[in-house]
Amino acid sequence: MANFAEEINSKFDNNRIKAMLNILYTANYITSHQNDFFKPFGVSPQQYNILRILRGAKQPIKVQTIKERMVERAPNLTRLTDKLCDKKLIKRIPFPGDRRVVLIEITKDGLDLLNKIMPNNPLHHLLDSLSSEEAGQLSDLLDKMRDNNEA
């Protein structure tokens, strides 16, 4: 693949604009690959993220906790969890003492699906061309960018 400027056949006023557009372009590239990869498994990248959160929690957790831990904040979390429930990948558990609160737990089928996905996920290798140090630098720079803009 050509470098970003060549790929979109463009020049930029400065490196900050080029970097911002490259981040957006790369995010779209990753999203496209994610959608293609997860389609045969019958889940979206957001649903996969929910399943991973639930597996990592090792116990039923509140929907709000899932929302806080998601990589990509989903305004439609109820719809996403409804679909996962319909597929029997997660289940809802009433919260003792408060009918308004529902806990979510991953099912055995959900764990089995994650085990099928994990070894084949090409997204885990997207950064293989970077050294461990470079990947750390990239992560630190992205954190710095967000920190600077949240202040």
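Scroll up for the structure.
Residues numbered from 1 in each chain as written. Predicted model: local features only at pLDDT ≥ 70, side-chain atom pairs only at ≥ 80, totals over all residues. Heavy atoms only, no water.

Q: I'd love a proper account of the nonpolar core, names of residues and values included.
A: Judged by nonpolar contacts, the single largest core of 25 residues is most densely connected at I50, L51, L54 and I66. Where this core is concerned, the elements lending two or more residues are helix 2 (15-38), helix 3 (45-57), helix 5 (77-86), strand 3 (102-106) and helix 6 (108-117). Top contributing element to this core by residue count: helix 3, with 6 residues. Residue contacts for L54: discarding those within four places in its chain leaves I61, I66, I90, I104, E105 and I106. (Core = buried A, V, L, I, M, F, W, Y, C linked by side-chain atoms within 4.5 Å. Buried < 20%, exposed > 50% of the residue type's maximum accessible area, 1.4 Å probe, protein only. Helix = DSSP H or I, 4+ residues; strand = E, 2+ residues; numbered from the N terminus. Contact = heavy atoms within 4.5 Å.)

Q: I'd like to hear about the packing of aromatic side chains, residue by residue, with values.
A: Applying the stated criterion to the full structure yields 3 aromatic pairs. Between F37 and F38, the aromatic rings sit 5.1 Å apart at their centres with planes inclined by 70°, giving edge-to-face as the arrangement. For the pair shown, F37 and F38 are each scored as buried. On the numbers, 4.6 Å between centres and 35° between planes, the contact of F38 with Y48 is tilted. Placement of the pair is F38 in helix 2 and Y48 in helix 3, with a sequence separation of 10 residues. The same class applies to F38 and to Y48, which are both buried. Counting every residue linked through ring pairs, the aromatic cluster contains F37, F38, F41 and Y48. Over the face of the ring belonging to F95 we find K62, whose NZ or CZ atom lies 5.3 Å from the ring centre. (Phe/Tyr/Trp six-rings, centres within 6.5 Å; stacked < 30°, edge-to-face > 60°. Lys NZ or Arg CZ within 6 Å of the ring centre and 35° of its normal.)

Q: Lay out a nonpolar patch on the surface in plain terms, naming residues and giving numbers.
A: On the surface, a nonpolar cluster with roughly 390 Å² of combined accessible area is contributed by I17, M20, L21, I23 and L24. With respect to the helices, strands and loops of the structure, I23 is situated in helix 2. (Patch = residues over 30% accessible without salt bridge, like charges linked within 9 Å, V, L, I, M, F, W, Y side chains within 5 Å. Areas by Shrake-Rupley, 256 points an atom, 1.4 Å probe, with all protein chains shown as cover. Salt bridge = Lys/Arg side-chain N within 4 Å of Asp/Glu carboxyl O.)

Q: Can you explain the pairing of strand 3? Please cite residues and give values.
A: Here strand 1 (residues 61-62) runs beside strand 3; their pairing, made up of 2 bridges, is antiparallel. Across the sheet, the residue bridging to K62 is L103, located in strand 3. Bridge count for strand 2 (residues 90-94) against strand 3 is 5 bridges, and the pairing is antiparallel. The residue of strand 3 that forms the bridge with R92 is I104. (Pairing = 2+ DSSP bridges.)

Q: An account of the environment of T78 is requested, with residue identities and associated values reported.
A: Of note, T78 is situated in helix 5. Look at T78 and you get exposed, because its relative accessible area is 54%. Residues T78 and E6 lie 72 residues apart in sequence; the distance between their C-alpha atoms is 41 Å.

Q: Run through the packing of helix 3 against helix 5, naming residues and quoting values.
A: Think of two packed helices as two axes; the pair is described by the angle between the axes and how far apart they sit. The contact between helix 3 and helix 5 brings their axes to 10 Å, and the two run at 75°. In terms of orientation, helix 3 and helix 5 fall into the roughly perpendicular class. Across the interface between the two elements, Q46, Q47, I50 and L51 of helix 3 pack against L77, L80, T81, K83 and L84 of helix 5. Within the contact of helix 3 with helix 5, the residues separate by chemical class into 5 nonpolar, 3 polar and 1 charged. (Axes fitted to C-alpha atoms, helices over the stretch in contact; angles between N-to-C directions. Parallel < 35°, antiparallel > 145°, perpendicular 65-115°, else oblique. Nonpolar A, V, L, I, M, F, W, Y, C, P; charged D, E, K, R; others polar.)

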